[in-house]
Amino acid sequence: MPLAALWSASAGKPAHAHEIRPAIVDLTIGADGGVRLDMSLILEAALAEVGGEHADTDESPNAERYDSLRLLDEAALAAEFERSEARFLEGVRVMAGDQRIPLEVESLDLDPVGDTDFARLSRIALTGRLPPGATELVYSFDPAFGPTVIRVPGEEGTNSYSAYLDNGSPSAPIPVEGAITMGAGEVFIDYIGIGFTHIVPKGLDHILFVVGLFLLSPRLKPLLVQITAFTVAHSVTLALAMLGVLTLPGSIVEPLIAASILFIAVENLGTDRLSRWRPYLVFAFGLLHGLGFAGVLNEIGLSPAHFASGLAGFNIGVEAGQLAVVAGCYALFGAWFADRTWYRTRITIPLSVAIAAIAAWWVLERTGLAG
């Protein structure tokens, strides 16, 4: 990650930037032929058409509209949605073969404005009816509204199917009768992509943590020691959290993740070598990051039938994303400047200061102390 980009990100990082989160959509098909979509999403981002190609809302050219929408109370936001309802419905597609199912808004549930440092979720219920002879449906979401997770609820509150859809990709065909069948291999591949994109490009906090580990020393041995400790730790807590053994609210996990990034960056300024105790700290921080990964995966959901393959795929995708970050750092800095006497003063220290500034702001923002 170039030095200028880090400094730019740290300078005046506004509180109104929010991570692009996927809309969560539960699709149910009634015995009477009714089709229902229960959507949970950041409605302001969809109305502003921020799009999923950005890591956060502030990167979008429509950020100003998003910021104005998030300040509206429920009545004003509902009025904005009503004005944009036709455009929104045009972007939610449910196809039965080559025939599109018309949808209408059954209900709109909006939260109060609350703390605008945090994105609010809105809930929308859309309904339609199956055309005669329909045997399967395909769902897609306009990429201008961001990514989406489509889920098909199964028995006992579980999901028989769930998929992360980016760039307007369509779902797999969903049968009108009976459960959708996905092989373990399909789920595995799908969740590798989900895990990777959670790091690159959407996981800036995890990217900066890995960059911080790299900056202490671009040499292979100290980097491998730290990355291994981090990987083992977050794999453990990710698995425990997804099994329901260990849970911690995001209001605690997210500030602590920011604090872990701050610590690593500050320590880089005070030492030029791997201390004996740093790998243990990295391991502890990895436990926190694993809980953060679990929060994302819980939003998407894992089908009980392919829990192990989905979890393994997601974890491998995360690791691939981290290795891509390390490879990028090595290509930018390590391959060219690692042996230079000025590496620490011109690369490690300036970048660590930039990371520390970003992380310090995140700590304040995520604890509600920023404004």
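Everything below is about the structure shown above.
First things first, this report covers the structure right here in the doc. (Residues numbered from 1 in each chain as written. Predicted model: local features only at pLDDT ≥ 70, side-chain atom pairs only at ≥ 80, totals over all residues. Heavy atoms only, no water.)

### A look at the sheet that holds strand 3 (residues 92–96)
1) Next: The four strands are arranged 4-3-7-10 in an open sheet whose pairing can be described as antiparallel. In this open sheet, the two edge strands, each paired with only one partner strand, are strand 4 (99–100) and strand 10 (174–175).
2) Next: Here two bridges tie strand 3 to strand 4, and the two strands are oriented antiparallel to one another. Within strand 4, the position partnered with Met-95 by the bridge is Arg-100. (Pairing = 2+ DSSP bridges. Helix = DSSP H or I, 4+ residues; strand = E, 2+ residues; numbered from the N terminus.)

### Some words on helix 12 (residues 343–366)
Owing to its 3.6 residues per turn, the α-helix aligns residues three or four sequence positions apart on the same side.
1) Next: Spanning 24 residues, helix 12 covers 33 Å between terminal C-alpha atoms, matching the ideal 34 Å at 1.5 Å per step.
2) Next: Gly-368 sits one or two positions beyond helix 12 and adopts a positive phi of about 80°. (Expected span 1.5 Å × (residues − 1).)

### Points about the packing of aromatic side chains
Aromatic rings in a pair are described by how distant their centres are and how their planes are angled relative to each other.
1) Next: Counted under the stated rule, the structure contains eight aromatic pairs.
2) Next: Judged by centre distance (5.5 Å) and plane angle (70°), the ring pair of Phe-81 and Phe-88 falls under edge-to-face. Here Phe-81 and Phe-88 have matching classes, each one buried.
3) Next: Measuring from centroid to centroid gives 5.5 Å for Phe-88 and Phe-145, while their planes differ by 20°, and the two rings are stacked. Taken together, the positions of Phe-88 in helix 5 (residues 85–91) and Phe-145 in the loop between strand 7 (136–141) and strand 8 (148–153) put the pair 57 residues apart, joining distant regions of the chain. (Phe/Tyr/Trp six-rings, centres within 6.5 Å; stacked < 30°, edge-to-face > 60°. Buried < 20%, exposed > 50% of the residue type's maximum accessible area, 1.4 Å probe, protein only.)

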